[in-house]
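Remarks on the overall topology
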Amino acid sequence: MTHPHDTAPAPDPRVSVHGEAHLEVEPELARIGIVVTARGTDRRHTLDDLTRRNSRCLELLRGYGDAVESIESGALHVAPELAKGRGERVRAHHGSVRINATVTDFSVLGELTTRLGDLELTHVSGPWWSLRPDSPAHRRVRQQAVQEAVRRAREYAEALGSRLLTLTELADPGAETPYAPRAAGFAPAPAGAARGLAAEPAPLDLEPQRQTVRARVTARFTMAPPDLGAPAGQQPG
């Protein structure tokens with residue numbers, strides 16, 4: 001039978017900490033954007049020019065085989081340009097199509113972007129460096145964040161002359177964020193620049209931009225009741 005003056009044992013003290021880590025790693029992917037354009041007074045000729053230039057760009061990209069992991073056609077835009085003044089007289093027709101490509105072999109990236117930029121009425125932007133979503137770097141940085149949380153919690157417990165007992169919670173706030181890369185831009189080649197040139201332009205020298213990968217966790221532990229009368233860092237007997 002429980003005596004009315006009996007009290008339940010005090011719960012074990014708790015300690016909550018954050019663990020953070022970051023890594024500097026080489027990128028795994030380089031994404032480039034290509035916009036092929038055409039302009040003319042005749043709508044059909046403009047579409048034919050756009051189709052021809054788009055096919056030439058895709059052919060060039062496919063020629064690099066596995067070095068270009070993916071090629072995706074984006075938005076297509078065709079519109080008339082109206083002349084100023086009354087009426088709806090069409091002055092010219094404009095057309096454009098966007099292509100996105102992902103490169104994994106950085107040794108060909110400079111040559112590829114230079115050749116693309118040398119195509120007629122073609123604009124190239126990028127590269128945007130990144131890691132794969134399943135990159136091992138994400139796992140390593142998360143593990144380091146957990147290890148840092150345990151180390152900090154243990155230091156707090158030892159400062160009180162105590163020790164950690166159990167882990168009660170480990171939370172991942174999803175703060176792992178690769179560094180936002182800066183993209184280098186490539187100006188479009190002048191119309192007709194690719195025609196009549198026997199030699200191709202020298203490839204650009206593009207250095208991969210290292211990526212910063214971060215992780216942050218919150219961890220909560222129970223610890224043995226500290227002997228606050230004992231010297232700091234000394235375990236109770």
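Sequence order sets the numbering: in each chain, residues are counted from 1 along the sequence as written. Totals for whole chains, interfaces and linings use every residue, but because this is a predicted model, local features are given only for residues with pLDDT of at least 70 and side-chain atom pairs only at 80 or more, for both listing and counting. As a rule here, side-chain values cover all heavy atoms of the structure and leave hydrogens and water aside.

Description of the overall build of the chain
Here a strand is any run of E in DSSP of at least two residues, a helix any run of H or I of at least four, and the numbering for each starts at the N terminus. For the chain, the helix and strand inventory stands at 3 helices and 8 strands. The linear arrangement of helices and strands in the chain, starting from the amino end, is β-β-α-β-β-α-β-α-β-β-β. Throughout, exposure labels follow a simple rule: accessible area from a 1.4 Å probe, protein chains only, divided by the maximum for the residue type, with under 20% read as buried, over 50% as exposed, and the rest as partly exposed. Across the 237 residues that make up the chain, the buried fraction comes to 34%. Throughout, a contact is declared for two residues whenever any of their heavy atoms are within 4.5 Å. Once local pairs closer than 6 in sequence are excluded, the contacts in the chain between residues at least 24 apart make up 85%. Only the protein chains shown count as covering a residue, and every accessible area follows the Shrake-Rupley method with a 1.4 Å probe. In the form shown here, the chain has an accessible surface area of approximately 14,500 Å², with 51% of it arising from carbon and sulfur atoms.

Things to note about the pattern of salt bridges
Where charged atoms from two side chains of opposite charge approach closely, those side chains can pair. Whenever Lys or Arg places a side-chain nitrogen within 4 Å of a carboxyl oxygen from Asp or Glu, that contact is recorded as a salt bridge. A full pass over the atoms with the stated rule returns 11 salt bridges. A salt bridge links Glu-148 to Arg-151, with the shortest nitrogen-to-oxygen separation between them at 2.6 Å. Highlighted residues: Glu-148 and Arg-151, both in helix α3 (residues 136-159), separated by 3 residues, approximately one helical turn. Through salt bridges with shared partners, one network takes in Asp-49, Arg-52, Arg-53 and Glu-120.

A closer look at helix α1 (residues 43-62)
One fewer than the residue count of a helix, multiplied by 1.5 Å, yields its expected span. The end-to-end C-alpha distance of α1 is 28 Å, a good match for the 28 Å that 20 residues give at a rise of 1.5 Å each. Where α1 is buried, its residues touch β2 (29-40), β3 (68-82), β4 (90-103) and α2 (109-117). In protein, a polar contact requires one atom able to donate a hydrogen and another able to accept it; more generally it is a pair of N or O atoms within 3.5 Å, and residues adjacent in sequence count only if both atoms are side-chain atoms. At the N-terminal end of α1, a side-chain oxygen is found 3.1 Å from the backbone nitrogen of Arg-44, two or three residues along, and the residue is Asp-42.

Overview of the confidence of the model for the chain
Here the chain shows a mean pLDDT of 83. Residues at 70 or above account for 80%. The pLDDT score gives, residue by residue, the confidence of the prediction method on a 0 to 100 scale. Per-residue pLDDT, averaged within each element of the chain, yields its smallest value for strand β7 (residues 185-186) (42) and its largest for α3 (96). Predicted confidence is poor over residues 175-198, with pLDDT under 50, and the contacts of this stretch with residues over four places away or in other chains come to 55 contacts.

Considering the sheet that holds strand β6 (residues 164-171)
A sheet is described by the order of its strands in space; here 3 strands give the open sequence β1-β8-β6, paired in antiparallel fashion. With partners counted over all chains shown, the strands left at the sheet margins are β1 (14-25) and β6, one partner each. Averaged over all neighbouring strand pairs, the angle between strand axes comes to 30°, with direction disregarded. Here, strands pair whenever DSSP counts at least two bridges between them. Where β6 lies against strand β8 (residues 211-223), 6 bridges are found, and the strand directions are antiparallel. Angles here are taken between N-to-C directions and fall from 0 to 180 degrees, while the axes themselves are lines fitted to C-alpha atoms, restricted in helices to the stretch in contact.

Regarding the pairing of β2
As paired strands, β2 and strand β5 (residues 122-130) are joined by 7 bridges and run antiparallel to one another. If you follow Val-35 over to β5, its bridge partner there is His-123.

Remarks on the packing of α1 against α2
Two quantities define a packed helix pair, namely the angle between the axes and the distance from one axis to the other. Following both chains from N to C, one finds α1 and α2 inclined at 165°, their axes separated by 11 Å at the closest point. On the basis of the axis angle, α1 is roughly antiparallel to α2. The handedness of the crossing between α1 and α2 is right-handed. Listed contacts from α2 to Arg-56, Cys-57, Leu-60 and Leu-61 of α1 are Leu-112, Arg-115 and Leu-116. Gly is placed with the polar residues, together with every amino acid not listed as nonpolar (Ala, Val, Leu, Ile, Met, Phe, Trp, Tyr, Cys and Pro) or charged (Asp, Glu, Lys and Arg). When the residues that make up the contact of α1 with α2 are grouped by side-chain class, the tally is 5 nonpolar, no polar and 2 charged. Each angle is binned into one of four classes, with values under 35 degrees roughly parallel, values over 145 roughly antiparallel, values of 65 to 115 roughly perpendicular, and all other values oblique. Working rule for handedness: look at the near helix, and if it is turned counterclockwise from the far one by less than a right angle, call the crossing left-handed; if clockwise, right-handed.

A few points about the nonpolar core
Put simply, a nonpolar core is a bunch of buried Ala, Val, Leu, Ile, Met, Phe, Trp, Tyr and Cys residues held in one set by side-chain atoms that sit within 4.5 Å of each other. Membership of the largest hydrophobic core comes to 25 residues, with the highest contact counts inside it found for Ile-34, Cys-57, Leu-61, Leu-112 and Leu-116. Those elements giving two or more residues to this core turn out to be β2, α1, β4, α2 and β5. With residues up to four places along the chain from it excluded, the contact list for Ile-34 reads Cys-57, Leu-61, Val-97, Arg-98, Ile-99, Ala-101, Leu-116, Thr-122 and His-123.

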